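Each chain, written out:
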Amino acid sequence: MIKKRLNIRMSGLGGQGAVTAAHVMAMAANRDGKFSISNPFFGAEKRMAPAESYCRIGIERIYDRGELVFPDVIEVFHPQVITMGKSYTMPFYSGIKEGGVVIINSDVPLLSDEDVERLRDLNVATFYIPGTQIAIEIAGTELSTNMTMIGSVAGITKCVSMEALDGALQERFGKKFVASGGTASLDEAIKKKFAKKEMLLAKNLATVKRAYEMASEWAEKNKVELRVGNPAVAA
């Protein structure tokens, strides 16, 4: 399915970097010549509290922002979003568009039979990826879990290129970037984990690439296509 715009909702917990992930995706889209907007949505700024972020990427200028009610893609950064209902929408997939994609950070199935049936009725594909495990194996820290989620959505939808993601990561972590609140704290925690910025960038990019390859292979094997394309053919 080729669309004029891709709406991505990222549901996670405070401290996982969902806000950073949405911002990096938006920056990458701009580098690819697309239009984009990212914004966060959360209550108390504390670790393990529900947190969401939204990223809109399109081929035409985007004016709306705020809560994303009808996403094409939903990313679940932490199992508790499903198992403990730590989500601002119940069920967590509420509003997902027909033909959409759900990406879940887990190495075991989490959906109930009822959820599976409901998503199947909507022709929604579900992709599980052990994102935290991959982050620990490649980057050496679970703080890079958001990098696996970035790679996953990019690998399935091809909404941004790896070259653009590389540039966006360099802009976010390689230069002086001013953020606020919990996002700034998380950025500093990630930077302190690595002795040099070059190592941080290399590890993060390697994590993104691994997830991108896994997701891309899954999408090809399962014939899942959800892309941002030309206005003449977009839906």
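Structural data are supplied above this passage.
The structure presented is a predicted model; accordingly, all values stated were derived computationally and were not measured.

> Would you mind going over a negative patch on the surface with me for this structure?
Taken together, the side chains of Asp113, Glu114, Glu117 and Asp121 define an acidic patch exposed on the protein surface. Structurally, the position occupied by Asp121 is in helix 3 (residues 113-121). For Asp121, a relative accessible area of 54% corresponds to the exposed category.

> For this particular structure, what's the right way to read unusual backbone geometry?
Excluding glycine, residues mostly have negative phi values, and the peptide bonds linking residues are mostly trans. The peptide bond linking Met90 to Pro91 adopts the cis configuration, its omega dihedral lying at -5°. Structurally, the position occupied by Pro91 is in the loop between helix 2 (80-83) and strand 6 (101-105). For Lys223, which is not glycine, the phi torsion reads 55° and is therefore positive. Inspection of the secondary structure assignment puts Lys223 in the loop between helix 8 (197-221) and strand 8 (227-228).

> Just to check I follow, could you spell out the environment of Lys97 for this structure?
Following the sequence through the fold, Lys97 ends up in the loop between helix 2 and strand 6. Linking Lys97 and Val73, residues 24 residues apart in sequence, is a C-alpha distance of 8.2 Å. Those residues in contact with Lys97, other than ones at most four positions away along the chain, are Asn7, Phe70, Pro71, Asp72 and Val124.

> Could you clarify how one ought to interpret the sheet that holds strand 6 in this entry?
Within a sheet, adjacent strands bond to each other through the backbone by hydrogen bonds, running parallel or antiparallel. Strand order across the open sheet formed by 6 strands is 3-4-2-5-6-7, with mixed pairing between neighbours. This sheet does not close on itself; its edge strands, each paired only once, are strand 3 (35-42) and strand 7 (125-129). With direction set aside, neighbouring strand axes in the sheet form an average angle of 15°. With 4 bridges connecting them, strand 2 (residues 5-13) and strand 5 (residues 73-76) associate as parallel partners. Bridging from a neighbouring strand, Ile8 pairs with Val73 of strand 5.

> Sorry if this is basic, but what is going on with the packing of aromatic side chains here?
What characterises a pair of aromatic rings is the spacing of the ring centres plus the angle enclosed by the ring planes. Applying the stated criterion across every chain, the model contains 4 aromatic pairs. Relative to Tyr54, the ring of Phe41 has its centre 6.4 Å away and its plane inclined at 40°; by these criteria the two rings are tilted. Of this pair, Phe41 sits in strand 3 while Tyr54 sits in strand 4 (residues 50-58), and the two are 13 residues apart along the sequence. Look at Phe41 and you get partly exposed, because its relative accessible area is 32%. Judged by its relative accessible area of 0%, Tyr54 falls in the buried class. Relative to Tyr93, the ring of Phe92 lies with its centre 5.2 Å away and its plane at 85°, an arrangement referred to as edge-to-face. A residue is classified by how much of its surface remains accessible, and Phe92, at 4% relative accessible area, is buried. Here a set of aromatic residues connected by ring pairs shows up, and it is made of Phe41, Tyr54 and Tyr88.

> What's the story with helix 5 (residues 145-157) in this structure? I'm lost.
Residues lying three or four places apart along an α-helix face the same way, a consequence of the helix completing one turn every 3.6 residues. Its 13 residues give helix 5 an end-to-end C-alpha distance of 19 Å, which sits within 8% of 18 Å, the value for a rise of 1.5 Å per residue. Burial within helix 5 is extensive, with 13 of its 13 residues counted as buried. Just beyond helix 5, the residue with positive phi is Lys158, at close to 55°.

Definitions and limits used
Residues numbered from 1 in each chain as written. Predicted model: local features only at pLDDT ≥ 70, side-chain atom pairs only at ≥ 80, totals over all residues. Heavy atoms only, no water. Patch = residues over 30% accessible without salt bridge, like charges linked within 9 Å, V, L, I, M, F, W, Y side chains within 5 Å. Areas by Shrake-Rupley, 256 points an atom, 1.4 Å probe, with all protein chains shown as cover. Salt bridge = Lys/Arg side-chain N within 4 Å of Asp/Glu carboxyl O. Lys, Arg positive; Asp, Glu negative; His and termini not counted. Charge placed at Lys NZ, Arg CZ, Asp CG, Glu CD. Helix = DSSP H or I, 4+ residues; strand = E, 2+ residues; numbered from the N terminus. Buried < 20%, exposed > 50% of the residue type's maximum accessible area, 1.4 Å probe, protein only. Contact = heavy atoms within 4.5 Å. Pairing = 2+ DSSP bridges. Axes fitted to C-alpha atoms, helices over the stretch in contact; angles between N-to-C directions. Phe/Tyr/Trp six-rings, centres within 6.5 Å; stacked < 30°, edge-to-face > 60°. Expected span 1.5 Å × (residues − 1).

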